[in-house]
Amino acid sequence: MNIQSKESASLALPFSANIIGGKNVEAADGRILDVLCPSDGQAFARIARSGAEDVSRAVAAARKAFEGDWGRLTALERGRLLMKLGEAIADHAPELAALESRDTGKPLKHGKADMVAAARYFEFYGSAADKLYGDTLPFLNGYTVAIVNDPHGVTGHIVPWNYPAQIFGRSVAASLACGNACVVKPAEDACLSLIRIAELARDIGFPDGALNIVAGLGSEAGAALSSHPDVDFISFTGSPQTGTAIQAAAARNNIGVTMELGGKSPQLLFADADIETAVPVVINAIIQNGGQTCSAGSRVLIERSAYAKFSKAIAERFAKVRAGAHDRDLDMGAMINAKQKARVEFYLKQAKEQGQHVLAQGVVDADAPAGGFYVAPTLFGDVPRDNALAIEEVFGPVLSLMPFEDEADAIALANGTPYGLVAGVWTGDAKRSIRVARAMRCGQVFVNGYGAGGGIELPFGGVKRSGHGREKGFEALREFCASKTIVINHG
Ligand code: NAD
């Protein structure tokens, strides 16, 4: 992302406009932002730099749709439109994946996988729209009590840059399925696929205003959306600091929020784990998206008796990881921007100064374009429990190995950070797998596997400082509705 005036030389670059009320529109004051490709640091597209006026127009369009054409649809009709959008995303997957990959710097194969997931969110929630049953409950004689699920109205979605299409899919599809109208503020660093998906939605017949996209900076468009008095609910994924700012803004309007704020997710390898199966999964869980994944498995805790053997197996494979340009389709791409690269390099420099032990380092491809935001993936061994690498979210391709003594120690170590998003438990002992999974303080646990962020059907979200509320699966539908109790006295 780079701020430009309208007179800039970048005017030759393609411009992706906001989508407000079904129309492609520029920012009200005509301001624009350049979009950089992380692989070479070059601008390749432009988006609107929206402000409060644009957000207000989008919220008004969403309100109109909610009270009009969109709100009047039956659940079945809504669901069919969502499923049709899922099909349209699948049909346009090559175009969307190429866009996502260039915009985020992730390898093309991962952009393709993201589009499969995005399409599936719309299929999943489309088919759920007419199955969101209410309830009845026993009450006094002569009364019937019905509990129905009402949409909130207008929902705001503030989306990060790491998985734009997937995170858009998981929150927007669920919200639309419930009957809400949406205003989305994508990340300034990567938002082109979302704008294109919203165009597809319009082209297949979504009523105007049901789905609006307002691109721009977090401090401008994002702040305006989270504080807007006519927004009824906010869904946010991103950093804890921004989460706090958004909750403070939402609190002034007393509206609900879901917060997905990252983690320091552990993978626990007991000595009886199937190490052959575990190694590629453990490495993928940190390398995926260059470690810029909220549910990245960034700590690997290994039973001391197997520590030497397991850490050697992990290091051997880790050293083969390759980073490069998105279109080279290697293991990982560049960091999203210069700031994120600097953040990761800060952690690496600090660890080096402290004398932390580097067990292995992957390579940045020799052909990686100059100007790209590359960082060599790095594996640290015997990381002390109080070290930043053991506690803080680096959000980069940095993996920490740490030994533990026994089951109780493993549980204490795994739960010993402020975060609680995901955990992986690797053991051949079935009873232990259940005991340890139950003891994890987090929102999702994988046993003998690790699906960093995967699984459309699987409820997902954090405890402790990883946030609150659940997205994905059927649980998300409860977030985007409010129950209403109707008490009928019929004598
Ligand atoms: P961020 O949380 O600031 O940005 C996420 C989204 O929030 C973007 O759309 C941004 O425009 C918007 N935003 C920013 N400030 C806002 C504000 N005041 N009001 C409303 N919206 C606002 O993340 P970042 O600055 O891009 O990255 C910083 C760190 O956040 C990363 O290093 C990483 O640790 C973390 N992060 C986590 C996730 C995740 O999935 N959990 C995703 C992205 C970033």
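Conventions used here
Residues numbered from 1 in each chain as written. Predicted model: local features only at pLDDT ≥ 70, side-chain atom pairs only at ≥ 80, totals over all residues. Heavy atoms only, no water. Helix = DSSP H or I, 4+ residues; strand = E, 2+ residues; numbered from the N terminus. Rg over C-alpha atoms; globule rule 2.2 N^0.38 Å. Buried < 20%, exposed > 50% of the residue type's maximum accessible area, 1.4 Å probe, protein only. Contact = heavy atoms within 4.5 Å. Areas by Shrake-Rupley, 256 points an atom, 1.4 Å probe, with all protein chains shown as cover. Lys, Arg positive; Asp, Glu negative; His and termini not counted. Charge placed at Lys NZ, Arg CZ, Asp CG, Glu CD. Pairing = 2+ DSSP bridges. Axes fitted to C-alpha atoms, helices over the stretch in contact; angles between N-to-C directions. Near = heavy atom within 4 Å. Polar contact = N/O pair within 3.5 Å; in protein donor to acceptor, adjacent residues only side chain to side chain. Nonpolar A, V, L, I, M, F, W, Y, C, P; charged D, E, K, R; others polar. Domains from an automatic or database assignment. Salt bridge = Lys/Arg side-chain N within 4 Å of Asp/Glu carboxyl O. Parallel < 35°, antiparallel > 145°, perpendicular 65-115°, else oblique. Left-handed = near helix turned anticlockwise from the far one by under 90°. Expected span 1.5 Å × (residues − 1). Arc of directions from axis to C-beta.

### Quick word on the overall build of the chain
And step 1. Secondary structure summary: the chain contains 16 helices and 24 strands in total.
And step 2. A compact globule built from 491 residues would reach a C-alpha radius of gyration of about 23 Å, and the chain, at 23 Å, matches this within 12%.
And step 3. Counting only C-alpha atoms, the chain reaches 70 × 70 × 40 Å along its principal axes.
And step 4. Burial status across the chain gives 58% buried among its 491 residues.
And step 5. Taking the intrachain contacts of the chain between residues at least 6 apart in sequence as the baseline, contacts between residues at least 24 apart amount to 75%.
And step 6. Summing over all exposed atoms, the chain offers an accessible surface of approximately 19,000 Å²; the carbon and sulfur share of this is 53%.
And step 7. Computed over 49 positive and 54 negative side-chain charges, the separation of the two mean positions in the chain equals 2 Å.

### Observations concerning the sheet that holds strand E15 (residues 297–303)
And step 1. Strand order in the open sheet formed by seven strands is E17-E19-E20-E15-E14-E21-E22, and the pairing between neighbours is mixed. Strand pairing shows two members of the sheet lacking a second neighbour, strand E17 (357–361) and strand E22 (444–447), which therefore form its edges. In this sheet, neighbouring strand axes are inclined to one another by 20 degrees on average, regardless of whether the strands run parallel or antiparallel.
And step 2. Strand direction decides the pairing type here: E15 and strand E20 (residues 398–404), joined by five bridges, are parallel. Its bridge partner lying in E20, Glu303 is registered against Phe404.
And step 3. On the sheet, helix H10 (residues 275–287) packs against strand E14 (265–269), E15, E20 and strand E21 (422–426) and is oriented at approximately 170 degrees with respect to E14.

### Topic: the environment of Val257
And step 1. With respect to the helices, strands and loops of the structure, Val257 is situated in strand E13 (residues 256–260).
And step 2. The class for Val257 is buried, based on a relative accessible area of 15%.
And step 3. Along the chain, Val257 and Thr155 lie 102 residues apart, while their C-alpha atoms are 9.6 Å from each other.
And step 4. Sequence-distant contacts of Val257, defined by excluding residues within four places in its chain, comprise Phe233, Ile234, Gln247, Ala250 and His468.

### Quick word on the site of the ligand
And step 1. The environment of the ligand is formed by 27 residues, the closest being Trp161, Lys185, Glu188, Ser239 and Thr242.
And step 2. Here an oxygen atom of the ligand and a side-chain polar atom of Arg343 are 3.3 Å apart.
And step 3. Within the side chain of Glu393, an N or O atom sits 3.5 Å from an oxygen atom of the ligand.
And step 4. Taken by itself the ligand offers 810 Å² of open surface, and the protein chains cover 88% of this.
And step 5. Of all the elements in the fold, those that place two or more residues in the shell around the ligand are helix H8 (218–226), strand E12 (233–237), helix H9 (240–252) and helix H12 (338–353).
And step 6. Of the residues belonging to the shell around the ligand, the class tally is twelve nonpolar, nine polar and six charged.
And step 7. Taken domain by domain, the shell around the ligand gets at least three of its residues from each of domain 1 (2–261 + 470–485) and domain 2 (266–461).

### Quick look at the sheet that holds strand E24 (residues 481–489)
And step 1. In spatial order, the strands read E7-E8-E24; together these three strands make up an open sheet with antiparallel pairing. Two strands close off the open sheet at either side, each with one partner strand: strand E7 (135–137) and E24. The sheet shows a mean angle of 25 degrees between the axes of neighbouring strands, direction not considered.
And step 2. The pairing of strand E8 (residues 143–151) with E24 spans nine bridges and is classified as antiparallel. Bridged to Val145 within E24 is Val487.

### Brief notes about the environment of Ala278
And step 1. Its location among the elements puts Ala278 in helix H10.
And step 2. Given a relative accessible area of 0%, Ala278 falls into the buried group.

### Topic: the domain arrangement of the chain
And step 1. Annotation of the chain at the domain level lists domain 1 (2–261 + 470–485) and domain 2 (266–461).
And step 2. In this structure, domain 1 and domain 2 have C-alpha centres spaced 30 Å apart.
And step 3. Each partner contributes to the interface: domain 1 provides 34 residues, whereas domain 2 provides 37 residues.
And step 4. In this assembly, domain 1 and domain 2 are joined by one salt bridge.
And step 5. Of the charged contacts in the structure, one is a salt bridge between Arg120 and Glu457, with a shortest N-O distance of 3.0 Å.
And step 6. Here domain 1 is connected to domain 2 by 18 residue pairs in polar contact (both at pLDDT 80 or more).
And step 7. Listed by contribution, the elements that provide at least two residues to the side of domain 1 that touches domain 2 are strand E5 (32–37), helix H4 (93–104) and helix H5 (108–128).
And step 8. Considering each element in turn, the side of domain 1 that touches domain 2 owes the most residues, seven residues, to H5.

### Thoughts on unusual backbone geometry
And step 1. Backbone geometry at Asp382 places phi at a positive 50 degrees, although glycine is not the residue there.
And step 2. In this model, Phe395 sits at a positive phi of 65 degrees, which is unusual for a non-glycine residue.
And step 3. Examined against the element boundaries, Phe395 turns out to sit in the loop between helix H13 (388–391) and E20.
And step 4. The exposure class of Phe395 is buried, given its relative accessible area of 15%.

### So, the packing of H4 against H5
And step 1. The geometry of H4 relative to H5 is characterised by a closest axis approach of 8 Å and an angle of 125 degrees between their N-to-C directions. On the basis of the axis angle, H4 is oblique to H5. In this structure, H4 meets H5 at a crossing whose hand is right-handed. Where H4 approaches H5, its residues Ala93, Leu96, Ala97, Ala98, Glu100 and Ser101 are matched on the opposing element by Leu108, Gly111, Lys112, Asp114 and Met115.
And step 2. Per-class residue counts for the contact of H4 with H5 are six nonpolar, two polar and three charged.

### Considerations on H9
And step 1. Between its first and last C-alpha, H9 extends 19 Å over 13 residues, near the 18 Å set by a 1.5 Å rise per residue.
And step 2. All buried positions along H9 are accounted for by Gly243, Ile246, Ala249 and Ala250. Taken around the axis of H9, the buried residues stretch over an arc of 130 degrees, which confines them to a single face. For H9, the exposed residues set more than 90 degrees away from the buried face come down to Gln241, Thr244 and Arg252.
And step 3. The first or second residue beyond H9 is Asn254, which carries a positive phi of 50 degrees.

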